[in-house]
Amino acid sequence: MKKMIVALVAMFVMITSANAQSDNTPVSFDRLCNYLELTIDQVEPFRTAMAQFESSMDAFYQNKDASKGQEFWDKIQNRHKVTMKKILNDKQYEKYLSAFELTAKNAAERLAEQQTASK
């Protein structure tokens, strides 16, 4: 369970670092916007939601109580999904979740490989 949380956190950090701060990576953010086929009216709310998610992830990292880690993580994830559902249409939301799940899977695999290599 702990490995899954760490993998999900790693995945979200990768997503948010690549997409939330579009000032640093405008190409990545633009690619995500193009992939999701965002309208002009959706770009700023999407950017804001990603920045809020990044702030929540920072708070998650500051949380020292491992016993509440899964609960805290679930709240962050659910709140982010609700926000994205409000911003994106059904097709866009499906694409977003698909990318989200694929990234989580890849992050979990990389984490497992790193842990195996470090032993």
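You'll find the structure just up there.
Here's what I pulled together on the structure shown here. None of the values given here were measured: they were computed from a predicted structure. (Residues numbered from 1 in each chain as written. Predicted model: local features only at pLDDT ≥ 70, side-chain atom pairs only at ≥ 80, totals over all residues. Heavy atoms only, no water.)

Quick word on helix H3 (residues 40-62)
What counts is decided by this rule: Helix numbers and strand numbers start at the N terminus; a helix is a DSSP run of H or I with at least 4 residues, a strand a run of E with at least 2. Helix span is expected to be 1.5 Å times the residue number reduced by one. Only protein chains enter the accessibility calculation, which uses a 1.4 Å probe; a residue is then buried when its area is under 20% of its type maximum, exposed when over 50%, and partly exposed in between.
Here H3 contains 23 residues, and its C-alpha end-to-end distance of 35 Å stays within 8% of the 33 Å for a straight helix at 1.5 Å per residue. Inspection of H3 places Gln 42, Val 43, Phe 46, Ala 49, Met 50, Phe 53, Ser 56, Met 57 and Phe 60 among the buried residues, and these make up the whole buried set.

A few points about the environment of Thr 83
Position of Thr 83 relative to the elements: it lies in helix H4 (residues 69-87). Thr 83 sits in the partly exposed class, given a relative accessible area of 23%. Along the sequence, Thr 83 and Met 50 sit 33 residues apart, while their C-alpha atoms lie 9.6 Å from each other.

Notes on the packing of H3 against H4
This is how it is decided: Fitting a line to C-alpha atoms yields each axis, with helices limited to the stretch in contact; the angle taken between N-to-C directions then spans 0 to 180 degrees. Under this scheme an angle from 65 to 115 degrees is roughly perpendicular, one under 35 degrees roughly parallel, and one over 145 degrees roughly antiparallel; angles in between are oblique. It only takes one pair of heavy atoms within 4.5 Å for two residues to be counted as in contact.
Relative orientation of the contacting elements H3 and H4 amounts to 175°, with a least axis distance of 10 Å. Here H3 lies roughly antiparallel to H4, going by the angle between them. Across the interface between the two elements, Gln 42, Pro 45, Phe 46, Ala 49, Met 50, Phe 53, Ser 56, Met 57, Ala 59 and Phe 60 from H3 touch Gly 69, Phe 72, Trp 73, Ile 76, Arg 79, His 80, Thr 83, Met 84 and Ile 87 from H4.

Everything listed here is a matter of coordinates, which is why it stays silent on function.
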